[in-house]
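Read off the chains here:
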Amino acid sequence: MSITQTAGAPPRAPRRPPSLRNLRTAAADPYPLYRTLREHFPLVYDEPFGAWLVSRHDDVRAALTDPRLAPVPSPADGRTPDHREALASALWGPARRALTAAVDRSAFVLARRLAGRETADLVAEFCDWLPTATALAALGIPYEETARVHRWCRAGLDHRGRHPELDAFLRPLVARRRAHPGGDLLSALCTAGDGGRPLSDEVVTHIAGTLLGAAGGTTARALASFLGNLLEHPRQVDVIRARPELAAGAWAESLRRDPPVHVVLRWATAPFGAVPAGATVACLLGAAGRDRARFADPDRYDAFRPDPAPLAYGFQPHGCPGALLAGLTAERGLRALLTTLPGLRRAPGAWAAPEGRFHRSPPALPVRLR
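Residues numbered from 1 in each chain as written. Predicted model: local features only at pLDDT ≥ 70, side-chain atom pairs only at ≥ 80, totals over all residues. Heavy atoms only, no water.

Draft legend 1. Structural context of the sheet that holds strand S8 (residues 280-284). Pairing in this open sheet of five strands is mixed, and the strands run S1-S2-S8-S7-S3 from one edge to the other. The open sheet is flanked by strand S1 (43-46) and strand S3 (69-71), the only strands paired with a single partner. Between one strand and the next, the sheet's axes are offset by a mean angle of 35 degrees, whatever the strand orientation. (Pairing = 2+ DSSP bridges. Helix = DSSP H or I, 4+ residues; strand = E, 2+ residues; numbered from the N terminus. Axes fitted to C-alpha atoms, helices over the stretch in contact; angles between N-to-C directions.)

Okay, here's the thing in structure tokens:
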């Protein structure tokens, strides 16, 4: 049974059998559960989780794009669509040059700090820092503020997607950019419009704060999985070292195989197949990316897979701002590491398995640098 079945009377989808593990109990290794769901329960109501689970690739893609399934607001995405469009316009406009330069500068600073060492943990010393440092630089905030802002972002945002100390830190910066705009992203937001009117200080502060929060969370996790996947395949690394233009495809493949966010929630504003209006739908990105009906040998990481078609970051008409930031961070960050650390390779021994229930990434990436 598929979520895309809509002809005639709505079909009755099964509920989760009592013997089947649910999403809240599959944190250590969710992939056996994902496989069972795809093969036997592609649309099923998981009562303990309180949502309809969608696990097949084509169904998840349909759920992410159908207007009857609206995004569920969350601390990581607390903006209205108009505000998200304003951020996307700012990122894809002149501020993109500032963002690209910020990625390069921050990535090489962090990579050079590792040069001359024998070993390092790329999660703790590179992945956890690069996205936040990049977002700060793009916003025109001094690099020396990275540690303080990073601490606030790691502490988490509240239910409205805010952090009081971070908001207080950003407000005077917004006032200064109003008076003296420059070429950075914060200035672009201050001069952006929302229905013909400038964005308020509150909205600009909120957008900047949520961008920083996403950088310190989702983007850092995605970067860790990307580097982990590549370093597990040194021959693929050698090819990308010689042909850096292939890094974008390698990044897309990592998002397919190991998305940083495994579950994206949608809210049914109208009946949708077996899903009643008002119900919550859980789109299982972690399951969709390893659907054998869509991908050959889906558990294998192949940096040169011709069509990885990742679902991470969803589909938005103006492009996902988080996707742009994450993609630049991954591609430019990898280039800085391979350029600065030619001897980079994974350390001997087994790596720790990815951790997290709905947000997954490796907790550490021990590497040798010589």
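Draft legend 2. Layout of the packing of aromatic side chains. Counted by the stated rule, this structure contains five aromatic pairs. Sitting above the plane of the Phe295 ring, Arg256 keeps its charged end 5.1 Å from the centroid. A cation sits over an aromatic face here: Arg290 above Tyr31, 3.8 Å from the ring centre. (Phe/Tyr/Trp six-rings, centres within 6.5 Å; stacked < 30°, edge-to-face > 60°. Lys NZ or Arg CZ within 6 Å of the ring centre and 35° of its normal.)

Draft legend 3. Seen up close, the side chain of Arg38. Positionally, Arg38 belongs in helix H1 (residues 31-40). A polar atom in the side chain of Arg38 sits 2.9 Å from the backbone oxygen of Ala287. Non-local contacts of Arg38, meaning those with residues more than four positions away in its chain, are made with Ser55, Arg56, Ala287, Arg290 and Asp291. (Polar contact = N/O pair within 3.5 Å; in protein donor to acceptor, adjacent residues only side chain to side chain. Contact = heavy atoms within 4.5 Å.)

Draft legend 4. Seen up close, the packing of helix H10 (residues 201-231) against helix H12 (residues 247-257). With their axes 9 Å apart at the nearest point, H10 and H12 run at an angle of 110 degrees to one another. Comparing their axes, H12 and H10 come out roughly perpendicular. Counting all contacts with H10, which are made through Ala222, Leu223, Ser225, Phe226, Asn229 and Leu230, the residues of H12 involved are Ala247, Ala250, Trp251, Ser254, Leu255 and Arg257. (Parallel < 35°, antiparallel > 145°, perpendicular 65-115°, else oblique.)

Draft legend 5. Representation of the pairing of strand S2 (residues 51-54) in the model. With four bridges connecting them, S1 and S2 associate as antiparallel partners. By the bridge assignment, Tyr45 is partnered in S2 with Trp52. Hairpin connection of S1 to S2: four residues between the antiparallel strands, including Gly50 at a positive phi of 80 degrees. Pairing of S2 with S8, which is carried by three bridges, proceeds in the parallel orientation. Its bridge partner lying in S8, Val54 is registered against Cys283.

Draft legend 6. Geometry of the pattern of salt bridges. With the rule as written, the count across this model stands at 19 salt bridges. Asp184 is the partner of Arg177 in a salt bridge, and the nearest nitrogen-oxygen pair spans 3.1 Å. Residue Arg177 shares its accessibility class with Asp184, and that shared class is buried. Salt-bridge contacts for Glu232 lead to Arg346; the nearest nitrogen and oxygen are separated by 2.8 Å. On the criterion of sequence distance, the pair formed by Glu232 in the loop between H10 and helix H11 (234-242) and Arg346 in strand S9 (residues 345-346) is long-range, its members being 114 residues apart. Taking the relative accessible area as the measure of exposure, Glu232 reaches 39% and is therefore partly exposed. Overlapping salt bridges, with partners in common, bring together Arg257, Asp258, Arg290, Arg292 and Asp299 in one network. (Salt bridge = Lys/Arg side-chain N within 4 Å of Asp/Glu carboxyl O. Buried < 20%, exposed > 50% of the residue type's maximum accessible area, 1.4 Å probe, protein only.)

Draft legend 7. Fine view of the sheet that holds strand S10 (residues 366-368). Across the sheet, which stays open at both edges, the three strands sit in the order S4-S10-S9 with antiparallel pairing between neighbours. Of all the strands in the sheet, just strand S4 (119-121) and S9 have a single pairing partner and so form its edges. Of the pairings in the sheet, the one linking S9 to S10 comprises two bridges and is antiparallel in character. Its bridge partner being in S10, Arg345 is matched across the sheet by Arg368.

Draft legend 8. Highlighting the environment of Glu202. Position of Glu202 relative to the elements: it lies in helix H10. Between the alpha carbons of Glu202 and Asp167 there is a distance of 8.9 Å; along the sequence they are 35 residues apart.

Draft legend 9. Seen up close, the environment of Ala330. Here Ala330 is to be found in helix H14 (residues 321-340). Ala330 sits 83 residues away from Ala247 along the chain, and the two C-alpha atoms are 8.3 Å apart. Not counting the four nearest positions on each side in its chain, Ala330 is found in contact with Leu223, Phe226 and Trp251.

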